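The residues making up each chain are set out below.
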Amino acid sequence: MEGEPMETDRTEQDDSEQYFEIGATVISGLEMFARDECQEKLKCKAEIGRGRIYFNIAKDKLHSIVTLQAVNNLFVLVNKDKNKELDLYGKKDSTLEYLKELVTHQDWSVPLAAWKEFTKSSHHLERPQDGTKNQCDNLPIFRVTCTRSSKEGRKHEFSSQEAASATGGRINDIFGWPVKMKDFDMEISVDINDTKVVLGINLTSESLHRRNITHFGPTTLQSTIAYCMLRMSCPQVGDIICDPMCGGSSIPIEGARTWASCYFLSGDNVEIATEKSEGNITAIEEKRKLNNKGSLHLDVFQWDVTNLPLRSNSVDVFITDLPFGKRMGSKLNNWELYRRGLTEMARVCKPGTGRAVLLTQDKKCMARVLKMTNHLWRKKYLQFIRMGGLTAGMYSLTRVGRAAQVAAQTQS
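The paragraphs below set out a description of the structure included in this document. (Residues numbered from 1 in each chain as written. Predicted model: local features only at pLDDT ≥ 70, side-chain atom pairs only at ≥ 80, totals over all residues. Heavy atoms only, no water.)

Bringing the sheet that holds strand S4 (residues 73–77) into the picture now. The strand order across the open sheet built from seven strands is S2-S3-S1-S4-S7-S6-S5, with neighbouring strands paired in mixed fashion. Of all strands in the sheet, those bounded by a partner on one side alone are strand S2 (46–49) and strand S5 (142–149). Adjacent strand axes in the sheet meet at a mean angle of 30°, parallel and antiparallel pairs treated alike. Inspection of the sheet shows strand S1 (residues 19–25) paired to S4 by four bridges, in the antiparallel sense. (Pairing = 2+ DSSP bridges. Helix = DSSP H or I, 4+ residues; strand = E, 2+ residues; numbered from the N terminus. Axes fitted to C-alpha atoms, helices over the stretch in contact; angles between N-to-C directions.)

So, in structure tokens, the structure goes:
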């Protein structure tokens, strides 16, 4: 799962160019999709970490990193030894002192240059010489946030808040920047994963997974997950792609924006869901109109997934986020819904070439239903992901059988 060593990127480029090492947070389990997208779009070799990817990019291409659709947040790395194993399970005071020293001995000039270039900031960022106090007026206001995880059975003696406080205090000592938890200019992140530390400066002010949605529901799917599900389905030119339980239409909107050569159908049996879908689509269409872009190839309907108003063998791909039985529906009802839903999707999906990508946390129910419908669907691939504290499965299915057999199979 690891990418090629990132140093190989630089040998293929002009050494006179300035490069920045960028990190991107990713839903755990979707790192490979983010890595492949990075290599396709940015022509950069990416390295996979837990819930992250890392890559080098030239200064003149820095702003292109926001075109990545599988990542949530972007940051520039400060410490180059992110894979170094550190002793972080010692006494609290000595470990916090070590984090302070880690901050002190980093070369901040390059990551700060990247932050200034990306944000177009005019703040004074230079480090005072000889320990003198920074007397400049135009200093950035900053804050430090820390995320922390440890291996099962082990526990760090310090809290995330204590690590952020120690790190922020040392940065304040070095640069003299004022600290503020709200209305800040710069956010510095400290990610502690067991015995490894990643120190970064955030480039995005909010997660990119919110890019398409203005009307949120209780279970609105993140646009970044929707994009990865679409990639898993391998859309082809001319495909008709359907989300039969669309909610706020995260999947169809992401698909219609990215795969303009496909046509998207979305629907839900709940009226409020179709209203939210229409609101989200209208907001996107208004933005596209301002940018002189054409309309999305997308329609929304109100329907029942177990009785779709679509002709048999008419859809190439089904992609949907099934009810988990947590916030929406129940595990008891999932059994009947999944069975009838997959049977109806099989009727509408083209045998032989048709496919489906389904997301659910109710993996036990899904396994039973797939066993019952194995004459209709074949599981090609299963990818586990972490979302909202739950482990969910992304199922890649292929439609089996021949067109002439569909009616008899689905009616039996």
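Along helix H4 (residues 109–119), the residues classified as buried are Pro111, Leu112, Ala114, Trp115 and Phe118. Down the axis of H4, the smallest arc covering the buried residues is 155°, so these residues share one side. Turning to H4, the residues buried within the fold contact S1, S4, helix H5 (160–175), strand S6 (186–193) and strand S7 (196–202). (Buried < 20%, exposed > 50% of the residue type's maximum accessible area, 1.4 Å probe, protein only. Arc of directions from axis to C-beta. Contact = heavy atoms within 4.5 Å.)

Time to look at the packing of aromatic side chains. Two measures describe an aromatic ring pair: the distance that separates the ring centres and the angle between the ring planes. By the definition in use, this model includes six aromatic pairs. Here Trp108 and Phe175 contribute two aromatic rings whose centre-to-centre distance is 5.7 Å and whose plane-to-plane angle is 75°, an arrangement assigned as edge-to-face. Pair noted here: Trp108 is in the loop between helix H3 (92–104) and H4 and Phe175 is in helix H5, with a separation of 67 residues, a long-range link. Residue classification places Trp108 among the buried positions, given a relative accessible area of 3%. (Phe/Tyr/Trp six-rings, centres within 6.5 Å; stacked < 30°, edge-to-face > 60°.)

Moving on, we get to the sheet that holds strand S12 (residues 355–360). Think of a sheet as strands paired side by side through backbone hydrogen bonds, with each pair either parallel or antiparallel. Taken in spatial order, the seven strands of this open sheet run S10-S9-S8-S11-S12-S14-S13, and their pairing is mixed. Across the chains shown, the open sheet's two edge strands, defined by having one partner strand only, are strand S10 (298–302) and strand S13 (377–387). Strand-to-strand, the axes of this sheet are offset by a mean angle of 15°, without reference to chain direction. Bridge analysis of S12 against strand S14 (residues 390–399) gives six bridges, and the strand direction is antiparallel. Bridged to Leu358 within S14 is Tyr395. Here helix H6 (residues 223–233) sits on the sheet and contacts strand S9 (263–268), strand S11 (317–321), S12, S13 and S14; the angle it forms with S12, its principal contact strand, is near 150°. Of the strands in this sheet, strand S8 (240–243), S9, S10 and S11 are in contact with helix H7 (residues 250–258), which crosses S9 at around 170°.

Quick look at unusual backbone geometry now. Positive phi values are uncommon outside glycine, yet Asn292 reaches one of about 60°. Relative to the elements of secondary structure, Asn292 occurs in the loop between helix H8 (271–290) and S10. Taking relative accessible area as the criterion, Asn292 reaches 73% and is therefore assigned exposed. One non-glycine residue, Asn313, lies in positive phi territory at about 60°.

To continue, consider the pattern of salt bridges. Following the criterion strictly, the structure yields 19 salt bridges and no others. Glu97 is the partner of Lys100 in a salt bridge, and the nearest nitrogen-oxygen pair spans 4.0 Å. Residue Lys100 and its partner Glu97 are both found in helix H3; the two are separated by three residues, about one turn of the helix. The partly exposed category is assigned to Lys100, whose relative accessible area is 26%. Two residues, Glu117 and Lys120, come together in a salt bridge whose shortest N-O distance is 3.3 Å. Judged by its relative accessible area of 21%, Glu117 is partly exposed. Judged by its relative accessible area of 56%, Lys120 is exposed. (Salt bridge = Lys/Arg side-chain N within 4 Å of Asp/Glu carboxyl O.)

The next point concerns the environment of Gln39. Along the polypeptide, Gln39 turns up in helix H2 (residues 31–41). Residue classification places Gln39 among the partly exposed positions, given a relative accessible area of 31%. Residues Gln39 and Phe55, spaced 16 residues apart in sequence, show a C-alpha to C-alpha distance of 9.2 Å. When sequence neighbours within four positions are dropped, the list of residues in contact with Gln39 reads Cys44, Lys45 and Ala46.

Right, let's talk about the side chain of Asp191 for a bit. Looking at the element boundaries, Asp191 is found in strand S6. Here Thr147 takes part through its side chain, which lies 2.7 Å from a polar atom of the side chain of Asp191. Residues contacting Asp191, with those up to four places away along its chain left out, are Arg52, Thr147, Lys196, Val197 and Val198. (Polar contact = N/O pair within 3.5 Å; in protein donor to acceptor, adjacent residues only side chain to side chain.)

Okay, the pairing of S6 next. Within S6, seven of the eight residues are buried, which leaves it mostly tucked inside the rest of the structure. The sheet contact formed by S5 and S6 spans eight bridges and is parallel. When the sheet's bridge partners are listed, Val144 is paired in S6 with Ile188. In this region the chain leaves S5, passes through H5 and returns to the parallel neighbour S6; the handedness of that crossover is left-handed. Bridge count between S6 and S7: six bridges; the pairing is antiparallel. Bridge pairing in S7 places Ser189 opposite Gly200. Here S6 folds back onto S7, and the loop between the two strands holds two residues, one of which, Asp194, carries a positive phi near 60°. (Right-handed = clockwise from strand over helix to strand, strands pointing away.)

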